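# Topology and contacts: notes
What follows is the residue order along each chain.
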Amino acid sequence: MTDIILRTINLTKRYKNRLAVDHLNIEVRQGEIFGFLGPNGAGKSTTIRMILRLIFPTEGDVEIFGASLKEAGHRALERVGAVVEKPAFYGHLSALRNMEILGGLQKPVSRRKIMKYLERVELADRAGDPVKTYSHGMNQRLGLALILLKEPQLIILDEPTTGLDPQGMKEVRELILELSRERGVTVLLSSHLLYEVEMIATRMAIIHHGRLRVEGSVNDLLKKGPSGVLIKADRPAEAIQFLKTNESYRSARIHSDGGINIELDQDSIPELNRQLVNAGFNIKALVPQRSLETYFLNLIEGHEGADNP
Amino acid sequence: MIRLIWFELIKTFTRWRTYIGFMAFGIIVPMVVIGLKLGGQNSFKRSLLSLLQNDFIIGGNVLNGWFFGFFFMGALWVHVPIVLTIVAGDQIAGEGNAGTFRFLLTHSVSRIRIITAKFIVTLIYTAVMVLFIGGLTIGLSLWAFGGGDLLVIRKGILVIQETRLPYLFLMAYGLATLAMFVVSSLCFLFSAFTDNSIGPIIATMAVIIVSIIIITLPFELFQAVRPYLFVNYFDAWQKVFDDPVPWNIIRRDITILAGFMVAFFLTAVVYFSRKDILS
């Protein structure tokens, strides 16, 4: 018995001379939120479209709930719900009608059930309005309601927060976490936003130029990169001098925005704060530096050089 | 499958572009009938009847509703494809352009079923449009000019008794519908190739216009190509007004038109089943 819900096996897509995805092997396990990360044009959307059978691979296969996409075809997607890029609906129809049509392709869905999920994404009061009158954020929420309507066991989200305001992004993240924690739904989340993946994913893969660069738990990957803190204090020059007297803070240097940057274990931040305050400095902010970001950038930039000698 | 067809019917018949054709013919046909009633009928009398009166004694109401119904069918069959392509060309390309395939095709429903439902709805729209035009032209013509025997000038002059006409017109509309099914199927096929619904409309009309030119010009080379062009069989509906009715030729025309329709649909299915959805 395996707990692998989704597996890509040497998944490859070639467009004439361009290799969009190159022998990609990733595994998504039961119940996890899997971050699928990469810069724009890395091959994330192509991979997701191949998983969802929107695009046919040049080579390789996808296994969903143990079924080969090549062999099972569309039947492999029975327990999968997905939003690929910007959700698109029939603009001249109402949200209710869109949900009836797109949610009822396999089996009819009751209006009561549709309204339940429209309420969940706070669109119930606009259920009768044509979707073309909806904002981008409302479209995103409608897309999520459509996924929920299907009650899938695997949710695939391709850049789900693109174009959303901060509140909308937060709501989407919370919904993903809720689905994962409360319903045990497995989520494959594609994003180019590192912090988004870092905030909610349990495991992740980074692809670049169509190739898998790294795959592992977010915690493990966090440990791989250097961590640090950005200090916003008054009298930064004096603060640096003070910090350099301590062996642990030797890496302190002035950051481009006038703050002080130190390579430091995240657990040591409270002690650093205490020492600065006791020495009479006013601390305006302590911003933990995203080690994953540094790691990600190093990884991408490193391969950039390797890929383009 | 019935639910898929129902969904496609909702999508198609709730869009305003679906009604452009109905509105266009709903305006043009009454305008022409009014024009005929207000004097246009006299030009027919002058040009047609005066010619015939040299050799025949003409009695009764010859320029009647059936006559103008027949005239309308002959005059409009080139124009009907334009309105059909507006809907047929949008069936697949429209979904691609809007990006709705990203939801539609990521469910556990086969592409073949989805495209088949779309095709059936395209045929339903085509049949409704042809029957609407037929009903409107015959209905208004009979209301404005009354009934009577039909004078048909094709291979000679033929007078068909009024009692046979409803049956013959019904058959003629059936054959005209089949011919228009071929137009819609071709446009549907072109629609599978692209994400822009203007392309299939232009491509279909281009094929029809070029084909009509080919079958009209009396060049030997063009005449040799003629049997392979579907527009060559578009006049099958007129043959039911011949005497005797050439049933063998009509049956052949039906088979060929149906063959074109099936071939276009199957090509669309094969292509779309493996098409990468990039929109």
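Residues numbered from 1 in each chain as written. Chains lettered and ligands numbered in written order. Predicted model: local features only at pLDDT ≥ 70, side-chain atom pairs only at ≥ 80, totals over all residues.

### Focus on the overall build of chain B
- Along the backbone of chain B there are eleven helices and two strands.
- Reading the helices (α) and strands (β) of chain B from amino to carboxyl end gives α-α-α-α-α-α-α-β-β-α-α-α-α.
- Taking 2.2 N^0.38 as the reference for a compact globule, 279 residues should give roughly 19 Å; the C-alpha atoms of chain B span a radius of gyration of 21 Å, in line with that estimate.
- Seen through its principal axes, chain B has C-alpha atoms that stretch 70 × 45 × 30 Å.
- Split into buried and exposed, the 279 residues of chain B put 39% on the buried side.
- Within chain B, counting contacts between residues at least 6 apart in sequence, those at least 24 apart form 79% of the total. (Helix = DSSP H or I, 4+ residues; strand = E, 2+ residues; numbered from the N terminus. Rg over C-alpha atoms; globule rule 2.2 N^0.38 Å. Buried ≥ 20, exposed ≤ 12 C-beta atoms within 10 Å, placed from the backbone. Contact = placed C-beta atoms within 7 Å.)

### What about the nonpolar core?
- Counting 148 residues, the largest nonpolar core has A145(A), I156(A), V187(A), L189(A), A176(B) and A179(B) as its most contacted members.
- Among the elements that take part in this core, helix α8 (residues 165-193) of chain B stands out by supplying 18 residues, more than any other.
- For I156(A), the contacting residues outside a window of four places in its chain are I48(A), I51(A), L52(A), V80(A), A82(A) and L188(A).
- One finds I231(A), A252(A), L264(A) and L272(A) within the second-largest nonpolar core, a separate group that totals twelve residues. (Core = buried A, V, L, I, M, F, W, Y, C linked by C-beta atoms within 7 Å.)

### Some remarks on the interface of chain B and chain A
- With 21 residues of chain B at the contact, the number on the chain A side is 27 residues.
- Of all the secondary structure elements, the ones that give two or more residues to the side of chain B that touches chain A are α1 (2-13) and α6 (101-104) of chain B.
- When residues in the side of chain B that touches chain A are grouped by element, the largest group, four residues, is from α1(B).
- For the side of chain B that touches chain A, the class distribution of residues is eight nonpolar, seven polar and six charged. (Nonpolar A, V, L, I, M, F, W, Y, C, P; charged D, E, K, R; others polar.)

### What about the environment of Q91(B)?
Residue and element names in this part refer to chain B.
- Within the secondary structure, Q91 sits in the loop between α4 (80-88) and α5 (93-98).
- Given 26 C-beta atoms within 10 Å, Q91 falls into the buried group.
- Sequence separation between Q91 and T12 is 79 residues; the distance between their C-alpha atoms is 8.1 Å.
- Beyond its immediate sequence surroundings of up to four residues, Q91 is in contact with K118, T122, F188 and S191.

### Some remarks on the domain arrangement of chain A
- Here the domain parsing of chain A yields domain 1 (1-77 + 184-224) and domain 2 (226-292).
- If you average the C-alpha positions of domain 1 of chain A and of domain 2 of chain A, the two centres end up 38 Å apart. (Domains from an automatic or database assignment.)

### Describing the pairing of strand β9 (residues 186-191) of chain A
Residue and element names in this part refer to chain A.
- For β9, the tally of buried residues reaches six of six residues, placing the bulk of the element in the interior.
- Burial of the side chains of β9 extends over both faces: T186, L188 and S190 are buried on one face and V187, L189 and S191 on the other.
- Pairing between strand β8 (residues 154-158) and β9: five bridges, direction parallel. When the sheet's bridge partners are listed, L154 is paired in β9 with T186.
- For the crossover that starts at β8, traverses helix α6 (residues 166-183) and ends in the parallel β9, the hand is right-handed. (Pairing = 2+ DSSP bridges. Right-handed = clockwise from strand over helix to strand, strands pointing away.)

### Thoughts on the sheet that holds strand β13 (residues 253-254) of chain A
Residues and elements named next belong to chain A.
- Read across the sheet, four strands follow the order β13-β14-β12-β15 without closing on themselves; strand pairing throughout is antiparallel. Two strands close off the open sheet at either side, each with one partner strand: β13 and β15 (283-289).
- In terms of strand pairing, strand β12 (residues 228-233) meets strand β14 (residues 260-263) through four bridges, oriented antiparallel. When the bridges of β14 are listed, I231 appears paired with I260.
- Helix-sheet contacts for helix α9 (residues 236-244) involve β12, β13 and β14, and the interaxial angle to β14 is about 25 degrees.
- Strands β12 and β15 of the sheet are contacted by helix α10 (residues 269-278), whose axis makes an angle of about 160 degrees with β15. (Axes fitted to C-alpha atoms, helices over the stretch in contact; angles between N-to-C directions.)

### What about α8(B)?
- Taking 1.5 Å as the rise per residue, α8(B) with 29 residues should run 42 Å; its terminal C-alpha atoms sit 42 Å apart, in good agreement.
- Within α8(B), 21 of the 29 residues are buried, which leaves the element mostly enclosed by the surrounding structure. (Expected span 1.5 Å × (residues − 1).)

### Re the sheet that holds β8(A)
All names here are of chain A.
- In spatial order, the strands read β7-β8-β9-β4-β10-β11; together these six strands make up an open sheet with mixed pairing. Single-partner strands in this sheet number two, and they are β7 (80-83) and β11 (211-217). Sheet twist, expressed as the average angle between the axes of neighbouring strands with direction ignored, equals 15 degrees.
- With four bridges connecting them, β7 and β8 associate as parallel partners. Across the sheet, V80 pairs through a bridge with L154, a residue of β8.
- On the sheet, helix α5 (residues 136-150) packs against β7 and β8 and is oriented at approximately 175 degrees with respect to β7.
- Across the face of the sheet, α6 comes into contact with β4 (33-37), β8 and β9 while running at roughly 155 degrees to β9.

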